[in-house]
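Residue-level structural notes
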Amino acid sequence: MGRAEADTLLNLAEARLVSARDALDQDDTDVARRMLAEADEYVFRAEEDHGSSTRSADLRRSIAQERKTVERVTPLYGLTTPLIRFVPDAEPQQVMVMGQDIYVLDTGRNRVVAYRLMPDGESLAEPAEGQVVLSSGDVVDSVTVGPLRDLAWQAPVPGIDDKSSLLVLDADNHVFRYNQQVDGASVVDFGADRSWQQASQIETFLGRLYVADVGANQIYRYDPGSYEQREQWFLPETVVNLAGLMTMRIDGNIWLLFKDGTVLRYHQGEQMPFSLDNSFAAPASPADLWVGQSSDETIYLGDALAERILVFDKATGEYREQYQAAEGTPLNGLRGLFIDSVQSTQYILTDSTLYQE
């Protein structure tokens, strides 16, 4: 391709860019998105055969900027100084924040580490490296802790247990309870009726404990403070396949995130009609799911490969916006999310850092 042909393609790209801006002025994001895609294709073709130029590079930047407008990208300016930097052999997978206490599940070193926020809520108390509260290989109540899998938080159960506890699931189908103020770690006794095949997720809601057993394609529910009798949560007629389950969240509905980015919603043991709007931004590599509680009608989906957090309407699955770093790549290796809607704070976990935004 000669220079003249390349200039023709770049002229077409500029024309499509102008059309996209006109469409945005009229709030027609569908047309704007299509025009930007065509503009990008024209620039690609020009550069493919004639190489990059100052003009084509400027066009690419302009297209990318307008695409952020179309995709409603909100920049995260606070991702400059991490709240926590993890050591090189750590593999943090999950973060949980309860008041001033931060718990991180580290599958690299197979431990749960507790950190404490200072009263300002923006820095860590000593020791800054945190305190190990449970490790694989520990012996608790004569039970050896296996590889760690998931965390949940058990609030006080009136009349049964007046203390909050961290619950930790291991790969050997054991659940451990940790309470720093009272007795450290103990084993939760599920009696003879435990018999899970491959428990991979635990969660609590209104005092009840839910255990997702991937091996049995079932979620078991236990009444508050009563762990010796279980209830199969899915209705017998509900077709279920939990293979590839990554995250379980509960807000009255049960929400399940799978490795392919699918999010399913269940209510009272039945699957409900629901799908995420992927017209703007299908997740390239899902990392974690967070579902808003109470008045927060929002779903947050971490996308590790694209280094972003996608936001959807919980009722309809409609795309709302997405969060990206304002500059650089601090979200590289995105692993987990914890959203504190009361404090309007996001805790964003990567494979090397924890950010508070």
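One structure accompanies this document, and this report is about it. (Residues numbered from 1 in each chain as written. Predicted model: local features only at pLDDT ≥ 70, side-chain atom pairs only at ≥ 80, totals over all residues. Heavy atoms only, no water.)

**Focus: the overall build of the protein**
A tally of regular secondary structure across the protein gives three helices and 27 strands. Seen through its principal axes, the protein has C-alpha atoms that stretch 80 × 50 × 35 Å. Burial status across the protein gives 48% buried among its 357 residues. Considering only contacts in the protein between residues 6 or more positions apart, those separated by 24 or more positions represent 47%. (Helix = DSSP H or I, 4+ residues; strand = E, 2+ residues; numbered from the N terminus. Buried < 20%, exposed > 50% of the residue type's maximum accessible area, 1.4 Å probe, protein only. Contact = heavy atoms within 4.5 Å.)

**With respect to the environment of Ala306**
Relative to the helices and strands, Ala306 is located in the loop between strand E22 (298-303) and strand E23 (308-313). Relative accessible area serves as the criterion here: at 32%, Ala306 is assigned to the partly exposed category. Along the primary structure Ala306 and Gly184 are separated by 122 residues, whereas in three dimensions their C-alpha atoms are 40 Å apart.

**Some thoughts on the pairing of strand E17 (residues 245-250)**
Among the six residues of E17, five are classified as buried, and the element is accordingly described as predominantly covered. When E17 meets strand E18 (residues 254-258), the two strands line up antiparallel, connected through five bridges. Bridged to Met248 within E18 is Leu256. From the end of E17 to the start of E18, which pair antiparallel, there are three residues, and Gly252 there has a positive phi angle of about 115°. (Pairing = 2+ DSSP bridges.)

**Here we look at unusual backbone geometry**
Following Glu126, the chain continues into Pro127 via a peptide bond in cis, with omega recorded as 0°. Within the secondary structure, Pro127 is located in the loop between strand E5 (111-116) and strand E6 (131-135). With a phi angle near 50°, Asp141 is a residue other than glycine that sits in the positive phi range. Phi angles above zero are rare outside glycine, and Ser142 is one such case at about 70°. Tracing the chain through its elements places Ser142 in the loop between strand E7 (139-140) and strand E8 (143-144).

**Examining the nonpolar core**
Residues Ile102, Tyr103, Val112, Leu166, Ile348 and Leu354 are the most contacted members of the largest nonpolar core, which totals 49 residues. Setting aside its immediate chain neighbours within four residues, Ile348 contacts Leu76, Leu79, Ile309, Leu331, Leu334, Gly336, Leu337, Thr353, Leu354, Tyr355 and Glu357. Residues Leu10, Ala13, Tyr42 and Ala46 belong to the second largest nonpolar core, which totals 18 residues. (Core = buried A, V, L, I, M, F, W, Y, C linked by side-chain atoms within 4.5 Å.)

**A look at the pattern of salt bridges**
Summed over all chains, the structure comprises 17 salt bridges. The closest approach of N and O atoms between Arg60 and Glu47, which form a salt bridge, is 2.9 Å. Highlighted residues: Arg60 in helix H3 (residues 54-70) and Glu47 in helix H2 (residues 29-50), separated in sequence by 13 residues. Several salt bridges share partner residues, and in doing so they unite Asp7, Glu14 and Arg55 into one network. (Salt bridge = Lys/Arg side-chain N within 4 Å of Asp/Glu carboxyl O.)

**Remarks on the sheet that holds strand E10 (residues 165-170)**
Reading across from one edge, E9-E10-E11-E12 is the order of the four strands in this open sheet, with antiparallel pairing throughout. Here the strands that pair on one side only, and so sit at the sheet edges, are strand E9 (148-154) and strand E12 (184-187). On average, adjacent strands in this sheet sit at an angle of 25° to one another, irrespective of strand direction. One ladder, built from six bridges, connects E9 with E10; its direction is antiparallel. Bridging from a neighbouring strand, Leu151 pairs with Val168 of E10. (Axes fitted to C-alpha atoms, helices over the stretch in contact; angles between N-to-C directions.)

**Description of a negative patch on the surface**
Negative charge collects at one region of the surface, where Asp22, Asp25, Asp27 and Asp28 lie side by side. Its location among the elements puts Asp27 in the loop between helix H1 (3-25) and H2. (Patch = residues over 30% accessible without salt bridge, like charges linked within 9 Å, V, L, I, M, F, W, Y side chains within 5 Å. Areas by Shrake-Rupley, 256 points an atom, 1.4 Å probe, with all protein chains shown as cover. Lys, Arg positive; Asp, Glu negative; His and termini not counted. Charge placed at Lys NZ, Arg CZ, Asp CG, Glu CD.)

**Focus on the sheet that holds E22**
Strand order in the open sheet made by the five strands is E1-E24-E23-E22-E21, with mixed pairing throughout. Where the open sheet ends on each side, the last strands, each with one partner, are strand E1 (73-76) and strand E21 (286-291). In this sheet, adjacent strand axes meet at a mean angle of 20° when their direction is disregarded. Both E21 and E22 contribute to a ladder of five bridges, which runs antiparallel.

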